[in-house]
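One letter stands for each residue in the lines below.
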Amino acid sequence: MNVCPLCNGLRQITVYCSYCRQPMEDQGKITDYFDDYSPYMDGDLMKLVDGYPYTYTNHECVHLFYCPHCQEEEVRFIKE
Ligand SMILES: [Zn+2]
Ligand SMILES: [Zn+2]
C-alpha cells in the first residue's frame, strides 16, 4: 500500500518556490479543499476527481504549497 509521506508525517519534504527558491509551506493535499462533495468518497476515489488524471496510477499525492515570500501557491506532486 502506498502512503503519502507528507500526509502521514513520515518525512519532511522541502519544496522550493520556482520564483524565489525559498522553502514553501505545505498546505495539505489538494483534495482536502474539495470537502463539499467528498465526505462519501475514500482517498483513492478522490484521486480520480482531483483533476490530475495520472495521480492515481502513478501513486502521487497532489499537495498545495504556499510561498510566504512571493505569496504564490503552487501545486506539487508528491510520490507516495
Ligand atoms: Zn499527501
Ligand atoms: Zn517565492
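As the structure is a computational prediction, the values presented were derived from the model and not from experiment. What you see as residue numbers is a count from 1 along each chain, following the sequence as written. Chain labels run from A onward and ligand labels from 1 onward, assigned in the order the entries are written. In view of the model being predicted, local features appear only for residues whose pLDDT reaches at least 70, and side-chain atom pairs are presented and counted only at 80 or more, with totals across whole chains, interfaces and linings using the full set of residues. Side-chain numbers come from the whole structure's heavy atoms, not from hydrogens or water.

Is there a simple way to explain the coordination of the zinc ion (ligand 2) in this structure?
Geometry reference: four tetrahedral donors at a metal, ideal angle 109.5 degrees. Six octahedral donors, ideal angles 90 or 180 degrees. Sites may look incomplete because water is not among the atoms; the donors themselves are N, O and S atoms within 2.8 Å of the metal, or within 3.2 Å for Na, K and Ca. For the zinc ion (ligand 2), every protein donor is listed as Cys 17 (SG), Cys 20 (SG), Cys 67 (SG) and Cys 70 (SG), and the spread of their distances is 2.2 to 2.3 Å. Metal-centred angles of 103 to 115° between the four donor atoms at the zinc ion (ligand 2) mark the site as tetrahedral. Summarised as a motif, the one-chain spacing of the donors to the zinc ion (ligand 2) is C-x2-C-x46-C-x2-C. Relative accessible area decides the class of each residue, using a 1.4 Å probe on protein chains only: under 20% of the type maximum gives buried, over 50% gives exposed, and in between gives partly exposed. Overall, Cys 17 belongs to the buried group, its relative accessible area being 0%. In these descriptions, tetrahedral denotes four donors with every angle between 85 and 135 degrees, square planar four donors and octahedral six donors with opposite donors over 155 degrees apart and the rest between 65 and 115, and irregular any other case.

Is there a simple way to think about unusual backbone geometry in this case?
Backbone phi values are negative for most residues with the exception of glycine, while trans is the configuration of most peptide bonds. Of note in this structure, Arg 21 is not a glycine but carries a positive phi near 65°. In this text, helices come from DSSP runs of H or I with a minimum length of four residues, and strands from runs of E with a minimum of two, each type numbered from the N-terminal end. Examined against the element boundaries, Arg 21 turns out to sit in the segment before β1 (25-29). The exposure class of Arg 21 is exposed, given its relative accessible area of 58%. A positive phi is found at His 59, a non-glycine position, where the angle reads about 55°.

What am I meant to see in the pattern of salt bridges here?
Oppositely charged side chains can pair when the atoms bearing their charge come close. Here, a salt bridge means any side-chain nitrogen of Lys or Arg that lies within 4 Å of a carboxyl oxygen of Asp or Glu. Per the counting criterion, the structure on display carries one salt bridge. Its salt-bridge partner being Glu 74, residue Arg 76 comes within 2.5 Å of it at the nearest N-O pair.

Just checking my understanding: could you explain the pairing of strand β3 (residues 72-79) for this structure?
The side chains of a regular strand alternate between both faces of the sheet. Pairing between strands is defined by DSSP: at least two bridges between them are needed. Bridge count between strand β2 (residues 60-67) and β3: eight bridges; the pairing is antiparallel. Residue Cys 67 lies in a different strand from β3, and its bridge partner there is Glu 72. In this antiparallel pair of consecutive strands, β2 and β3, the connection spans four residues, and Gln 71 shows a positive phi of 55°.

Looking at this structure, how should I read the coordination of the zinc ion (ligand 1)?
Within the protein, the zinc ion (ligand 1) binds to Cys 4 (SG), Cys 7 (SG), Cys 61 (SG) and His 63 (NE2); these donor distances fall in the range 2.0 to 2.3 Å. Of note, the zinc ion (ligand 1) draws all its donor residues from one chain, in the sequence arrangement C-x2-C-x53-C-x1-H. Of the residues examined, His 63 reaches a relative accessible area of 1% and is grouped as buried.

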